[in-house]
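Spelled out from the first residue to the last, the chains are:
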Amino acid sequence: MYKIVDKKLLAPNIYSMDILAPRVAKAALPGQFIIIIVDENGERVPLTICDSNPEKGTVNIVTQAMGSSTKKLVAKEVGDHIKDFVGPLGKPSEFIHEDIEDLKKKKILFAGGGVGVAPIYPQAKWLVERGVEVDIVTGSKNKDLVILEERFAELTENLFIATDDGSYGFHGMVTNAIDELVENQGKKYDLCVIIGPMIMMKFTSMTTKKHGIPSIVSMNPIMVDGTGMCGACRVTVGGETKFACVDGPEFDAHQIDFDEALRRQAQYKEEEIKKDHEYCE
Ligand code: FES
């Protein structure tokens, strides 16, 4: 059993939780994820890691209550326990294997959308702690849904917050913000890491391709069991079939068949809605 030691409401329906899981906290690297099972009747839910603290033995996750399992999770309070908390899983971000001095010469842009801004935090933090400068763009529907602003602001002065309705920061989507940075502010980037809803990753990848920026996406959104057994996370990358949970979750954004991934992501929609209704009843 894994104890919840901190819980905060970040935005409507979006919670930050610190879970006591010392071994995971010690081993977690940027880009990896965990699997939780909330209780004895729970399903496996893959979630991204937002931060980890090896000294305290805690792992920070940011969750939007969307389906029955995540609703059960966010209903738990500090002092409650989660049945299983397994990880870290998946391959870490490739840049952690690069020479730091080479990385310091690069200009890296992080582009996060919705709750997908959470997993860009540990990656950007890892780089900044090693002296690599990063720019960060976050996208939300409106001001109320902007999360983790303070944490990102500690990492870089170049934080660009975009809201679809213009209620805070830049008026527009992440794609518009990247156009603004590249076309109007003359920014040049050697790499863009894109994490967010599948549709956001598709269009942001098209935008970075247009600007000639090599890009990485994290295919967490299509994972189901997270262990290479269910097959739900099959994704076509450069014409080859890959499993997001064991071969990724990060892949070359410009090689992904996003339309296929979007179809695959929707394949369990009916079952998810049914389960959600059962939980709400
Ligand atoms: Fe089931 Fe990858 S999530 S095989």
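Counting from 1, residues in each chain are numbered in the order their sequence is written. Owing to the predicted nature of the model, reporting of local features is limited to residues with pLDDT of at least 70; listing and counting of side-chain atom pairs is limited to 80 or more, with chain, interface and lining totals taken over all residues.

Undergrad: How should the packing of helix α6 (residues 174-184) against helix α7 (residues 198-210) be read in this particular structure?
TA: For any two helices packed against each other, the geometry comes down to the angle between their axes and how far apart the axes lie. Relative to each other, α6 and α7 sit at 15 degrees, their axes nearing to 9 Å. Comparing the axis directions of α6 and α7 gives the class roughly parallel. Pair α6 / α7 crosses with right-handed handedness. On α7, the residues touching V174, T175, I178 and D179 of α6 are M200, F203, T204, T207 and T208. Note on geometry: axes are C-alpha line fits, over the in-contact stretch for helices, and angles between N-to-C directions span 0 to 180 degrees. Each helix is a run of H or I in the DSSP string that is no shorter than four residues. Each strand is a run of E no shorter than two, and both are numbered from the N terminus. An angle below 35 degrees is read as roughly parallel, one above 145 as roughly antiparallel, one from 65 to 115 as roughly perpendicular, and any other as oblique. In a left-handed crossing the near helix is turned counterclockwise from the far helix by less than a right angle, and in a right-handed crossing that turn is clockwise. Two residues qualify as being in contact provided that their C-beta atoms, derived from the backbone, are within 7 Å of each other.

Undergrad: Even after reading the chapter, I still don't get the environment of E154, so can you show me in this structure?
TA: Looking at the element boundaries, E154 is found in helix α5 (residues 149-155). The spatial distance from the C-alpha of E154 to the C-alpha of L109 is 16 Å, given a sequence separation of 45 residues.

Undergrad: Help me understand the sheet that holds strand β3 (residues 33-37), please; the structure alone is not making it clear to me.
TA: Strands pair in a sheet through their backbones, by hydrogen bonds, and they do so in one of two ways: parallel or antiparallel. Reading across from one edge, β4-β3-β8 is the order of the three strands in this open sheet, with antiparallel pairing throughout. Because the sheet does not close on itself, it has two edges, and the strands there are β4 (45-48) and β8 (84-89). Pairs of neighbouring strands in the sheet enclose a mean axial angle of 25 degrees, with direction left out of account. Here β3 pairs with β8 via four bridges, running antiparallel. Within β8, the position partnered with I37 by the bridge is D84. Paired strands, in this sense, are two strands between which DSSP finds at least two bridges.

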